[in-house]
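Structural overview
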Amino acid sequence: TRRSSACPNNARSVVARLSSAVRVLIGAWCVTAAPPAAAHPHVFIAYTAAILSQHGKIDGVPIVVVHGDHQDKPDIGVAIAERWYDRENVDAILDVVDSAVALGVQNVARERHKAVLYSEAGSADLTGKSCAPYSAQWTYDTYEMGKAMGEAAPYLGKSWFILGADYNYGHL
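Residues numbered from 1 in each chain as written. Predicted model: local features only at pLDDT ≥ 70, side-chain atom pairs only at ≥ 80, totals over all residues. Heavy atoms only, no water.

The next thing to look at is the sheet that holds strand E1 (residues 24-29). Overall, mixed pairing links the six strands, which are arranged E2-E3-E1-E4-E5-E6 in an open sheet. The open sheet is flanked by strand E2 (57-58) and strand E6 (135-137), the only strands paired with a single partner. Pairing geometry for E2 and strand E3 (residues 61-68), over two bridges, is antiparallel. Looking at the pairing, Ile58 lines up with Val61 of E3. (Pairing = 2+ DSSP bridges. Helix = DSSP H or I, 4+ residues; strand = E, 2+ residues; numbered from the N terminus.)

In structure tokens, the structure reads:
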């Protein structure tokens, strides 16, 4: 079975929602607690550089990026997402790093009918049982990684090893 990285009609609903905006406010995570923490401030800088390369606008609509640190804790991520969506009127949240945080943010986004885009969270539940009409995941997910490994195993020879990261998601 082939799995899609986005639920049906996600892109259309997100684009339709943002196309009539007077400005687009994007919430981006800058996680300092994640194992590759040194890389995450650069993600925020990259978003800012991309916006500046477009002179701060797309199709005449100003784009603004705010950032937050969920510290790899679902409760903190959910609280930030609620604040961003409810009080700060953030249109979309990008780059949710941790799968546990992503699943919590997914629920908030679903309740508020707001966009959330995943580029690092790998849970297959984001596009499976917890799929939401305003979300998209465009990197690996745990289903495809396990399936690919299972199909490749017979061709890997007699001895092979799995290296896992030394944090919760990396423990097999």
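On to the pattern of salt bridges, then. With the rule as written, the count across this model stands at three salt bridges. Residues Arg83 and Glu88 are paired through a salt bridge, measuring 2.7 Å at the closest nitrogen-oxygen approach. Given a relative accessible area of 29%, Arg83 falls into the partly exposed group. Given a relative accessible area of 30%, Glu88 falls into the partly exposed group. Among the salt bridges present, the one from Asp86 reaches Arg112, with a minimum N-O distance of 2.8 Å. A residue pair is termed long-range when its members are at least 10 positions apart, and Asp86 in helix H3 (residues 74-86) and Arg112 in helix H4 (residues 99-112) qualify at 26 residues. With relative accessibility at 42%, the residue Asp86 sits in the partly exposed group. (Salt bridge = Lys/Arg side-chain N within 4 Å of Asp/Glu carboxyl O. Buried < 20%, exposed > 50% of the residue type's maximum accessible area, 1.4 Å probe, protein only.)

The next point concerns the packing of H3 against H4. At a minimum axis separation of 8 Å, H3 and H4 run at an interaxial angle of 25 degrees. Here H3 is positioned roughly parallel relative to H4, judged by the angle of their axes. Between H3 and H4 the crossing geometry is right-handed. Between H3, through Pro74, Gly77, Val78, Ala81, Glu82, Tyr85 and Asp86, and H4, the contact on the second element is made entirely by Ala100, Val101, Gly104, Val105, Val108, Ala109 and Arg112. (Axes fitted to C-alpha atoms, helices over the stretch in contact; angles between N-to-C directions. Parallel < 35°, antiparallel > 145°, perpendicular 65-115°, else oblique. Left-handed = near helix turned anticlockwise from the far one by under 90°. Contact = heavy atoms within 4.5 Å.)

The values are spatial; any link to function lies outside them.
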